[in-house]
Amino acid sequence: NNRQDKLMEQGDGSKLHRPSDDSVAYAKYLRYDIASNENTQYQNNVATAISWMKTSDASLVNMTAIQTTFKEKTVAAANSSNNTSDMQATAKEMLAEIQQLVSLGNTQQGDRYVFSGQSDLTQPFTMSTTAVDRGLAKTLDDKQAEFFNTADNKGCMTQMLTMTGSDGGTYYLDTTNGNIYTKQFVDSGYKDKIASGQSTVAAGDAVGKVTGFGTTTKVSDYFKNTGEIKDSTVSFSGGSSGSGLVDNSGNPISLSFTTLKQNIVTYAGDDKHISMVKQNGAIDPSSDTVNVTGSEIFGSDIFDDSNSGNTTSGTAMLNNMLTVYAKTDEGDHAWLTSDGQTLSDTAHATTVNVEGKLGSRQALYTSVSTMLGNQSQIITSDITDVSSADVAQLAVQLMQEQTIYNMSLSLGARILPKSLSDYLS
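Quick notes on the rules
Residues numbered from 1 in each chain as written. Predicted model: local features only at pLDDT ≥ 70, side-chain atom pairs only at ≥ 80, totals over all residues. Heavy atoms only, no water. Axes fitted to C-alpha atoms, helices over the stretch in contact; angles between N-to-C directions. Helix = DSSP H or I, 4+ residues; strand = E, 2+ residues; numbered from the N terminus. Parallel < 35°, antiparallel > 145°, perpendicular 65-115°, else oblique. Left-handed = near helix turned anticlockwise from the far one by under 90°. Contact = heavy atoms within 4.5 Å. Nonpolar A, V, L, I, M, F, W, Y, C, P; charged D, E, K, R; others polar. Salt bridge = Lys/Arg side-chain N within 4 Å of Asp/Glu carboxyl O. Expected span 1.5 Å × (residues − 1). Buried < 20%, exposed > 50% of the residue type's maximum accessible area, 1.4 Å probe, protein only.

1. Here's the deal with the packing of helix H2 (residues 23-77) against helix H8 (residues 316-330)
The axes of two packed helices give the description: the angle between them and the distance between them. Between H2 and H8, whose axes approach to 11 Å, the crossing angle comes to 30°. Taken together, the axes of H2 and H8 lie roughly parallel to each other. The way H2 lies across H8 gives a crossing that is left-handed. Between H2 and H8, the contacting residues are Gln-67, Phe-70, Thr-74 and Ala-77 on the first element and Met-321, Val-324 and Thr-328 on the second. Classifying every residue of the contact of H2 with H8 gives four nonpolar, three polar and no charged.

In structure tokens, the structure reads:
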């Protein structure tokens, strides 16, 4: 009767209801059940991650498309045949495209901002409603960067600060070492040095030096990380006690930072990453990260790079694009021909690079999703093998036990006396 009750209990399809039913099989069942729960959680993580990355990727694709158009407009605006009305019309189109980039930067999934780091409930990007004085950087092209990068600036210098001299001349300040160069030397004079066999900038090429810049003095002392100048009245005196600059008559030349009136974009997110673990083992930020931040999309520049002393702004390329817009609105063809096109190319390349990295991670998560699906089938099969009852075998065993039970009753009836009185006698 007891054996029959146990068999009847397995009628629900499971042969394991307590550890005593089969201790070895029950231990396996517990391990498989834990693995199944983990697999389910990982599949949920992967599904959420893929959805998050698809939303981010769609925005990045639109961003790069806009930046491609922006590059084309910059090239067109650099043509000196454009008149004032042409330049202003192009500038309006550029501004609209930058505003669209800001809007895409505020893309949400549900109530969470996908480009805001771990501060995903905070809107990351905001454009100022009024123009501010922003420092004007000289952006080096590849050949210039190769020549002016030295061991002092660790080979990472791509921009210099533009300065205006009291003599009316334009100068460039290397913020990594304080060296000051003339506009003519940076634009074309360095080529003569290369032609003469000089491969990199030498001490004698600078016309002056701001002592301490790059060590005790940083860009952050004069500019915010967005490039907005803190004090537009700052100047560096010339002569032996200052920058060392003197004119042809030996008179000291004082220098002040060149600025440009423009709007700026600020970033309210953070640079922290969101990880959605997809499998057992140690967390790998490089592959488990599902988001990209403002600093990754829009890079850094001279105002917020590692040498500046400022924290990363998260909007460097957006603000540089606003500089291009402002210069286009001014009709500065010469600047657009050199710096403008370089900045537009750099902004586009920075976003494309991030888009490629995000696409690789998305492909990895898609591959893991397939793997987890296969693992789920295997785990389910293992659970079935170790815990499920064989219905056909169970039916036979029940019939056997029922037969044995009936035979027991029949045999007992034959052994016992027919009446109580016979038994008592």
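Next comes the rest of the account.
2. Here's the deal with the pattern of salt bridges
Following the criterion strictly, the structure yields 13 salt bridges and no others. The partner of Lys-138 in a salt bridge is Asp-187, and the shortest N-O contact between them spans 3.5 Å. Here Asp-187 lies in helix H5 (residues 183-195) and Lys-138 lies in strand S5 (residues 137-139), a separation of 49 residues in the sequence. Residues joined in a network through salt bridges with shared partners are Lys-138, Lys-183, Asp-187 and Asp-339.

3. A closer look at the packing of helix H3 (residues 84-105) against H8
Their axes nearest at 8 Å, the elements H3 and H8 cross at an angle of 165°. Comparing the axis directions of H3 and H8 gives the class roughly antiparallel. Both H3 and H8 take part in a crossing whose hand is left-handed. Together, Met-87, Gln-88, Thr-90, Ala-91, Met-94, Leu-95, Ile-98, Leu-101 and Val-102 of H3 and Leu-318, Met-321, Leu-322, Val-324, Tyr-325, Thr-328 and Asp-329 of H8 make up the contact between the two elements. Among the residues making up the contact of H3 with H8, the classes are represented as 12 nonpolar, three polar and one charged.

4. What about H3?
Helix length check: H3, at 22 residues, gives a terminal C-alpha distance of 31 Å against a target of 32 Å (1.5 Å per residue), a fit within 8%. Taken together, the buried positions of H3 are occupied by Met-87, Thr-90, Ala-91, Met-94, Leu-95, Glu-97, Ile-98, Leu-101, Val-102, Leu-104 and Gly-105.

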